[in-house]
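# What the coordinates show
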Amino acid sequence: GGLVVAENQRLLSVAPLERLERCGDLLQIRDNRDLVKVSGIFELRAARRVAIQGNANLTAIDGFPKLNETERIEIFDNSALVVINGFSAAAELLALTVRDNPSLAKLVAFGGTVDSGALTIRDNDTLTQISLAKLNHVGTLTLERNGSLANLSGFFPTKYVDILHICDNAKLPKFAVDTFLKQLYKPPMTVDDCTSP
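Residues numbered from 1 in each chain as written. Predicted model: local features only at pLDDT ≥ 70, side-chain atom pairs only at ≥ 80, totals over all residues. Heavy atoms only, no water.

### Observations concerning the overall build of the protein chain
Scanning the protein chain from N- to C-terminus turns up one helix and 14 strands. For the protein chain, the spread of C-alpha atoms along the three principal axes comes to 45 × 30 × 25 Å. Classification of the 197 residues of the protein chain by burial places 45% in the buried group. Here the contacts in the protein chain between residues at least 6 apart in sequence split such that 34% fall between residues at least 24 apart. Surface summary for the protein chain: the accessible area is close to 9100 Å², and the carbon and sulfur share equals 51%. Averaging the positions of the 21 positive and the 23 negative side-chain charges in the protein chain gives two centres separated by 4 Å. (Helix = DSSP H or I, 4+ residues; strand = E, 2+ residues; numbered from the N terminus. Buried < 20%, exposed > 50% of the residue type's maximum accessible area, 1.4 Å probe, protein only. Contact = heavy atoms within 4.5 Å. Areas by Shrake-Rupley, 256 points an atom, 1.4 Å probe, with all protein chains shown as cover. Lys, Arg positive; Asp, Glu negative; His and termini not counted. Charge placed at Lys NZ, Arg CZ, Asp CG, Glu CD.)

Rendered as structure tokens:
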């Protein structure tokens, strides 16, 4: 079934989950005030959805090296989160969402992900580094309101994007977007840069 680890105000570690191998539905780690790092979940191979949200003092997510049977990963509303690393076995995702993490500087993860139906990265004010090493195809790519993002070099492995929604990234210059579009094998069906009414 599913597993929810939530509202444990003094929880310091999720290390007791290190031997968990399967979670048929949802694995949620939510609103654990004193949790500083999510790591050590080494054996998890399957979880339909993983959600890490609302952990006020969480600074790092690292691990999940064997998680290859999953549809959705959502990381949001973690106000102190600085770095996301890991998830190297997830090859195909229906949706990957990283949003509303105001301290997030590095998204260096999902290095094995080849295809994502929807990839949403938004409202991460300090995000400067994105590295998605094998990402080839994205159905809908949304990059919105990431105030410190200045380049798209982390997306250069990507060759196919069906729908691109990219706007209000204050430091991202137009030439960086143009360079990204030129390296795609074919133009997206839709490009929304938020300039149209």
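Now, onward.
### Notes on the packing of aromatic side chains
How two aromatic rings sit relative to each other is set out by the distance from centre to centre and by the angle between their planes. Here the structure, examined in full by the defined rule, presents four aromatic pairs. Aromatic pair Phe155 and Phe180: ring centres 6.1 Å apart, planes at 65°, arrangement edge-to-face. Of this pair, Phe155 sits in the loop between strand S12 (137-144) and strand S13 (160-167) while Phe180 sits in helix H1 (residues 174-183), placing them 25 residues apart in sequence. Just as Phe155 is buried, Phe180 falls in that class too. Measuring from centroid to centroid gives 5.5 Å for Tyr160 and Tyr185, while their planes differ by 85°, and the two rings are edge-to-face. On the criterion of sequence distance, the pair formed by Tyr160 in strand S13 and Tyr185 in the loop between H1 and strand S14 (190-192) is long-range, its members being 25 residues apart. Looking at Arg99, its charged tip hangs above the ring of Phe76, at a distance of 4.2 Å from the centre. (Phe/Tyr/Trp six-rings, centres within 6.5 Å; stacked < 30°, edge-to-face > 60°. Lys NZ or Arg CZ within 6 Å of the ring centre and 35° of its normal.)

### Quick look at the sheet that holds strand S9 (residues 106-109)
Pairing in this open sheet of five strands is parallel, and the strands run S3-S5-S7-S9-S11 from one edge to the other. At either margin of the open sheet sits one strand with a lone partner, and together these are strand S3 (37-38) and strand S11 (129-131). Sheet topology note: the strand S5 (residues 60-63)/strand S7 (residues 83-86) ladder contains four bridges and is parallel. Each residue of the ladder has a partner; that of Ile61, found in S7, is Ile84. (Pairing = 2+ DSSP bridges.)

### A short note on H1
Along H1, the positions that sit buried rather than exposed are Ala176, Val177, Phe180 and Gln183. Along the long axis of H1, the arc covered by the buried residues comes to 130°, so they all point the same way. Of the exposed residues in H1, those oriented more than 90 degrees away from the buried face are Lys174, Phe175 and Lys182. At its buried positions, H1 is contacted by S12 and S13. (Arc of directions from axis to C-beta.)

### So, the environment of Ile61
Relative to the assigned elements, Ile61 resides in strand S5. When its relative accessible area of 0% is taken as the criterion, Ile61 is described as buried. Separated by 25 residues in sequence, Ile61 and Val36 have C-alpha atoms that sit 9.0 Å apart. Residues within four places of Ile61 in sequence aside, it is in contact with Val38, Ile52, Ile75, Leu81, Val83, Ile84, Asn85 and Phe87.

### A closer look at the pairing of strand S8 (residues 92-99)
Within a regular strand, side chains alternate between the sheet's two faces. Looking at chain direction, strand S6 (residues 72-76) and S8 are connected through five bridges and run parallel. When the bridges of S8 are listed, Glu74 appears paired with Thr97. With seven bridges connecting them, S8 and strand S10 (residues 115-122) associate as parallel partners. From the neighbouring strand, Arg99 faces S10, where its bridge partner is Arg122.

### With respect to the environment of Ile84
Checked against the element boundaries, Ile84 lands in strand S7. Along the primary structure Ile84 and Lys174 are separated by 90 residues, whereas in three dimensions their C-alpha atoms are 27 Å apart. Beyond its immediate chain neighbours, meaning those up to four positions away, Ile84 contacts Ile61, Ile75, Val98, Leu104, Lys106, Leu107, Val108 and Ala109.

Remember, this is a structural readout, not a statement about activity or role.
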